[in-house]
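# Chains, contacts and geometry: an overview
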Amino acid sequence: MLKSKFKWQLPKSDVSSDKIKEIMDACQLSEIAAKVLINRGYDTPEKATKFLTLDPEAEAIHDPFLLHDMQKAVDRIQSAIVKNEKIVVYGDYDADGVTSTTIMFETLNELGANVDYFVPDRFKDGYGPNMAEYQQFVENGVNLMVTVDNGIAGNEPIEYAVTHGMDVVVTDHHELPEKLPNATAIVHPRYPGAHYPFSDLSGVGVAFKVASALLDEVPEEFLDLVAIGTVGDLVSLTDENRFLVASGLKVLSEGQRVGLSALLKVSGLENRQINEQDIGFTLAPRLNAVGRIGNAGEAVELLTTFDDEKAELIAKHIDSVNDQRKQLVDMVYNEAILQAKSPENLARKTLVITGIGWHQGVLGIVASRLVEATGKPTLVLSGSETDTNLKGSGRSVEALNLFEALNTNRELYVNFGGHHMAVGLTIAKENVAALQTTLEEAATVADLDKNQVSPLPIDGVVKVDQITVPAIKDLAKLGPFGTDNPIPEFEIDSEKVTDVKQIGANQDHLKFKLAGVKQKIDAIDFKEGKLMPYLQALPEDVRVVGTLELNTWRNQTKPQIMIKDLLINAVPIVDKRTTRLSVKMFATQTTYVFFHKKSYEKVQTYLKPEVQVAVLEDQENFDLRLKGNLTLVDCPDSITKFADWLSKQSPDALTVYFYQQNNAYLDGMPTREQSAKVFKFFANHQDIDLKKQLPDVVKHLHIDQNMIVFLIQVFFELKFVKIESGRVSSIPNPKPQKLSVAPTYQLRKQQIETQEKLLYSKSATLTAWMQACLADKNKGVAE
């Protein structure tokens, strides 16, 4: 069985048809969309209608002065503007931070302030208020600092600023520390004792509320930036955020901001309706990339410019930086995954991966990819050869609070911080082993199974024939989608898959059709091109989960399914039987199984160091229980032993080469006449040097060379002849014995039976027999 990557979680109870019809009629929605609303708790016409209404008049946007210290912040900023005091906006280097910086800077600029902005360098300044930078601002005569998307944990530098005559207004949304900074004002949606109606604003959301308060109106021209920062920071897309993002997507699609228009153009999103996925997968990663491996101030420069040529140049550079970021991620990931697949790490429930010279800006992304690939909480750390410390990031799974797991040993770290799903840390190299132990012990306490699968909530089961363009358009009304309002995932009920093929420059991706009774729908599964033969092997046993989208090509719009996960209910057996082995046959990430050591030695140079190999020639190894994807390279000798071995395995999928160098089935068993003729020849010819004289013997006897060599081995085992240094001599008056008692003779009979079954049966017959062996150890040989 090809297992799913996630544990599918369908709704717990069926929804009554009367309830569905009630929501369909009240909201004018398709059945699919109505079911999703009901399963998500919007199960009355009133709740469903309110959720679908994205209208500022319907209390979708809250009064900014309900935020803690908003009036104080506005008064101090307005005072600085009136007095022409020097103001600096102190931002952050991610998408949320640069959009926050842009909104605050442009707002103050519009109000006539003497204002500049500063975006910290990830590597020089680190995250949040930096003491050295604050000291420099004090020296430069800055009167007021306004932080955006940071500052709530900046006690020490803010205290320094205040004691040296510089006021600080903090606007932030991050976790509140036990001790709050001594700032002039702290604008935060979760400030203790405050009662702002929605606590999950992003940094840019808070900056937007400050801008609204200062301008005494909702500045709609900033909504595009709010949408980017909010989606990019993965905050809850409910309540006010949902309205802000929906409104921002409209502004973004109108292309009002010069810099964003240039970024849309280089990103391939020009002249189209922008959605939240375009932000999450295209725009935000580009803005983040600048902060990861460059200077994020360039992103603010792009967002604030009115010069078309300048915007185009910056956008192109940001796009190239993003390409560089992708290359760095791939390079580090390719090295890191090799460590993750080492025998030691395969046995662990968690991963601590270390490297030399890996770019610090991409370690968090690599950690995320490793968690996705392995299902294990992962830390990725790096430093130089000469560094005494390693620095890096960690990502977790829902079942393990990574911050709490590592916080139990706080003394191990030079620096440490984070939350449930992500951490950042600096640690001495000598403490890495203790870090591994700490993390592994935490996983044990949390009862974290190293093979556990993350849950995947599914909104329901949809038949292929139910999927229509209007139904998908109705689902879009439930957006924008994101944290706490995920894009609906469905299990697709199909008859079978057809037209399976690999696509993409490197054939990395998988494309196929899901067939219903009345229609077929295209499906795309990114990065899973390697699964093609498995789907082809069992087209009627494939189950999929995915999202429903519209694909427009040549003015024709059709439904399309983006695959999130799939499984195959039986073990796929891919028939690639061959008489020749080549290096390209050993490029797949699988466990290569050899039944003969000689076969392994023949192709050993083809095998990459990280490849998993099992050589089963010895009985001890033959008893191995193997899992995952297996490739059976050569043909076993005994069909009985092979059937028994197969019945004890638990593969996800099987590929068979069944390479056989010596074909016993085609050679067959010797006839009585052949056996007698060879025996008589060696009885009459003493001391035959096989190395030199074998061709002459073959010519003389008119018997195939392989058969002669086989009979010589049989005669040797029965002590009819002796072999010394390649020379064969007969033994006088040997004990009469049947040829069939010789081990080599018995082996040949087994090989013939095995090869007939495994090498010369039809593909359907072979796969059915092997699946029967896998399903029941008592089936197989007798059949």
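See the structure shown above.
Scoring rules and cut-offs
Numbers given for residues are sequential positions, taken from 1 along each chain in its written order. Local features are withheld for residues below a pLDDT of 70 in this predicted model, meaning they are given only at 70 or higher, and side-chain atom pairs are given and counted only at 80 or more; totals for whole chains, interfaces and linings count all residues. Derived side-chain values reflect all non-hydrogen atoms in the structure, with water molecules and hydrogen atoms excluded from consideration. Side-chain atoms within 4.5 Å link the members of a nonpolar core, which is a set of buried Ala, Val, Leu, Ile, Met, Phe, Trp, Tyr and Cys residues. Burial here depends on accessible area, computed with a 1.4 Å probe over protein chains only, as a share of the maximum for the residue type. Under 20% is buried, over 50% is exposed, and the range in between is partly exposed. Each helix is a run of H or I in the DSSP string that is no shorter than four residues. Each strand is a run of E no shorter than two, and both are numbered from the N terminus. The contact definition used throughout considers only heavy atoms, calling two residues in contact when any of these lie within 4.5 Å. We call two strands paired when DSSP finds no fewer than two bridges between them. Crossovers are described as right-handed under a simple rule: with the strands pointing away from the observer, the path leading from the first strand over the helix to the second runs clockwise. The span you would expect from a helix comes to 1.5 Å times its residue count less one. Definition of a polar contact: a pair of N or O atoms within 3.5 Å, with one able to donate and the other able to accept a hydrogen when the atoms are protein atoms, and with sequence-neighbouring residues admitted only if both atoms are side-chain atoms. Simply put, an axis is a line fit to the C-alpha atoms, just over the touching stretch for a helix, and the angle between two N-to-C directions goes from 0 to 180 degrees. Working definition: roughly parallel below 35 degrees, roughly antiparallel above 145 degrees, roughly perpendicular at 65 to 115 degrees, and oblique for all remaining angles. Following the grouping adopted for this structure description, the nonpolar residues are Ala, Val, Leu, Ile, Met, Phe, Trp, Tyr, Cys and Pro, the charged ones are Asp, Glu, Lys and Arg, and the polar ones are all others, Gly among them. Should the near helix be turned counterclockwise from the far one by less than a right angle, the crossing is left-handed, whereas a clockwise turn marks it as right-handed. Within this document, salt bridges are pairs made up of a side-chain nitrogen of Lys or Arg and a carboxyl oxygen of Asp or Glu, the two lying within 4 Å of each other.

## Quick word on the nonpolar core
If you look at the biggest cluster of nonpolar residues, it comprises 73 residues, and the most contacted ones within it are Ile87, Ile103, Leu108 and Ile279. Take this core: its biggest share by element is nine residues, from helix H8 (residues 203–215). The contacts of Ile103, once residues within four sequence positions are left out, are Val204, Ala207, Phe208, Ala211, Phe222, Leu225 and Val226. Cys27, Val36, Ala48 and Ile563 belong to the second largest nonpolar core, which has 44 residues in total.

## Structural notes on the pairing of strand E22 (residues 612–615)
For strand E21 (residues 591–594) and E22, the ladder comprises four bridges, and the chain directions are parallel. From the neighbouring strand, Tyr592 faces E22, where its bridge partner is Val613. The parallel pair E21 and E22, bridged by helix H21 (residues 597–603), forms a crossover whose chirality is right-handed.

## A look at helix H27 (residues 705–717)
Here H27 is 13 residues long and its end C-alpha atoms lie 19 Å apart, about the 18 Å a rise of 1.5 Å per residue gives. Here H27 has its buried residues at Met707, Ile708, Phe710, Leu711, Ile712, Val714 and Phe715. Where the residues of H27 are buried, they touch helix H24 (664–667), helix H25 (672–684), helix H26 (690–701), strand E26 (721–724), strand E27 (727–730) and helix H28 (743–758). Put simply, Asp704 is the residue that caps the front of H27, since its side-chain oxygen is 2.9 Å from the backbone nitrogen of Asn706.

## A word on the packing of H27 against H28
The geometry of H27 relative to H28 is characterised by a closest axis approach of 7 Å and an angle of 135 degrees between their N-to-C directions. By the angle class used here, H27 and H28 are oblique. The residues of H28 that touch H27, namely those facing Asn706, Met707, Phe710, Gln713, Val714 and Glu717, are Pro743, Thr744, Tyr745 and Arg748. In the contact of H27 with H28, the residues fall into five nonpolar, three polar and two charged.

## Digging into the packing of helix H1 (residues 17–27) against helix H3 (residues 45–52)
Where H1 meets H3, the axes come as close as 9 Å, and the angle between the chain directions of the two elements is 45 degrees. What the angle tells us is that H1 and H3 run oblique. Where H1 crosses over H3, the two elements pack in a sense that is right-handed. For the pair formed by H1 and H3, the contact residues are Glu22, Ile23, Ala26 and Cys27 on the first element and Pro45, Ala48, Thr49 and Leu52 on the second. When grouped by side-chain class, the residues that make up the contact of H1 with H3 number six nonpolar, one polar and one charged.

## Topic: the pattern of salt bridges
Evaluation of the coordinates by the stated rule reveals 28 salt bridges. Across the pair Asp319 and Arg286 runs a salt bridge whose closest N-O atoms are separated by 2.7 Å. Residue Asp319 is located in helix H14 (residues 308–340), and its partner Arg286 is located in helix H12 (residues 276–293); the two are separated by 33 residues in the primary sequence. When sorted by exposure, Asp319 lands in the same class as Arg286, which is buried. The closest approach of N and O atoms between Arg727 and Asp687, which form a salt bridge, is 2.9 Å. Placement of the pair is Arg727 in strand E27 and Asp687 in the loop between H25 and strand E25 (688–689), with a sequence separation of 40 residues. With relative accessibility at 33%, the residue Arg727 sits in the partly exposed group. Classification of Asp687 as partly exposed rests on a relative accessible area of 37%. One network of salt bridges, in which partners are shared, links Lys5, Glu528 and Lys530.

Functional significance is not addressed by these values, which are geometric in nature.
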